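The residues making up each chain are set out below.
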Amino acid sequence: MIPPNPDDTRLLPPTPEGLAEAARQLAAGALVAFPTETVYGLGGDARSDLACARIFEAKGRPRFNPLIVHVADLAAARRIARFDDRAERLAGAFWPGPLTLVLPLAEGAGLSPLVTAGLPTVAVRVPEHPVARALLAVFGGPLAAPSANPSGRVSPTRAAHVMAGLAGRIAAVVDGGDCAVGVESTILGLDGPARLLRPGGLPAEALEAALGQPLASGDNGGGDAARPSAPGQLASHYAPGAAVRLEATEAGKDEIWLGFGPQAAGAALNLSPAGDLVEAAANLFHYLREADALAGNGGRIAVSPVPERGLGRAINDRLRRAAAPRG
Ligand code: AMP
Ligand code: MG
């Protein structure tokens, strides 16, 4: 592999020219870090499988946990998520701002399944930072954006922090100075009774006051580093109906072979015929669904070995969950 060259990452000013260049990069599927009022986000087009796979690769994330989608305003949020009265009230009171709502995914939302990790819900927020808002307006679409740091490291609150962690791995950083809040957004689950999924920049008391009721607390099972969750709690992530067999080198009777690499030339579906892990990650959720449909009732999915490096770790984590004994 070619080592990353830090000079490949451009530092862009938050001017109309800088934002236009950032939006051009994003539209081409590249990654651009940008300031929000909480921390710097690592942005990619939330509708692009390849851009979303690149986010996991750039961060070195060992798991496909769901990503927060950043949108320009409430109207854009309503296009990807279903809002009930509680959600409308909280969005009206606290957006733009450091509040992320986990809501049922809207029909036809058009997001990459890597954003939701295959869940029927989506985490969405409208950031307040003027540079984030300007970028979203120029780009004109939803941006998936986890914190712009390598997995497991401290979240960045200035452009130099992003450069120190990710230079050479992303296309650009828009420099918007220091982040005012400095901690991540508060995440509230509203796909059932209101649950505090992550404390953050907006105090829980403010949410309770607006809702007129106390919040339940609950792990979101998303595997957030600050709140490790037991693997069992990830059971809600999409699991195929068909049984899954790993380390397959051919398809047995009643099996649909989900291959990887040139060795799997006979596979019904191939995550990446060339053996490219970013391409395989981009295809993973779509192909699992397709293989599931092809396997039908009582069928099985046989999956080729995937190398345990780079995005292969996240792919294997997801496949092991799919293959784990069902409860
Ligand atoms: P980060 O992207 O690093 O800021 O972390 C995003 C957080 O949002 C993680 O803790 C995720 O598990 C959580 N999250 C994102 N989408 C969902 C979702 N659909 N359901 C539950 N939690 C979510
Ligand atoms: Mg983070």
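Above this text is the structure in question.
Here the structure is a predicted model, which means the values were calculated and not measured.

*Asks:* Explain the overall build of the protein to me, please; I cannot follow it from the model alone.
*Replies:* Of the regular secondary structure elements, the protein holds ten helices and 15 strands. A globule of 327 residues ought to have a C-alpha radius of gyration of about 20 Å, and the protein, at 20 Å, matches this closely. Overall, the C-alpha framework of the protein stretches about 55 × 50 × 30 Å when taken along its three principal axes. For the protein, the proportion of its 327 residues judged to be buried stands at 52%. Intrachain contacts of the protein at a sequence separation of at least 6 include 66% that bridge at least 24 residues. Accessible surface, the protein as shown: approximately 14,000 Å² in total, 54% of it carbon and sulfur. Between the mean site of the 30 positive side-chain charges and the mean site of the 32 negative ones, the protein shows a separation of 3 Å.

*Asks:* Honestly, the sheet that holds strand 12 (residues 243-245) in this entry has me stumped. Any pointers?
*Replies:* Backbone-to-backbone hydrogen bonds pair the strands of a sheet. The strands run either parallel or antiparallel. Taken in spatial order, the four strands make up an open sheet running 12-15-13-14, and their pairing is parallel. In this open sheet, the two strands that pair with only one neighbour each are strand 12 and strand 14 (269-270). Bridge analysis of strand 13 (residues 255-259) against strand 14 gives two bridges, and the strand direction is parallel. Along strand 14, the bridge assignment pairs L258 with L269.

Criteria and thresholds
- Residues numbered from 1 in each chain as written.
- Chains lettered and ligands numbered in written order.
- Predicted model: local features only at pLDDT ≥ 70, side-chain atom pairs only at ≥ 80, totals over all residues.
- Heavy atoms only, no water.
- Helix = DSSP H or I, 4+ residues; strand = E, 2+ residues; numbered from the N terminus.
- Rg over C-alpha atoms; globule rule 2.2 N^0.38 Å.
- Buried < 20%, exposed > 50% of the residue type's maximum accessible area, 1.4 Å probe, protein only.
- Contact = heavy atoms within 4.5 Å.
- Areas by Shrake-Rupley, 256 points an atom, 1.4 Å probe, with all protein chains shown as cover.
- Lys, Arg positive; Asp, Glu negative; His and termini not counted.
- Charge placed at Lys NZ, Arg CZ, Asp CG, Glu CD.
- Pairing = 2+ DSSP bridges.

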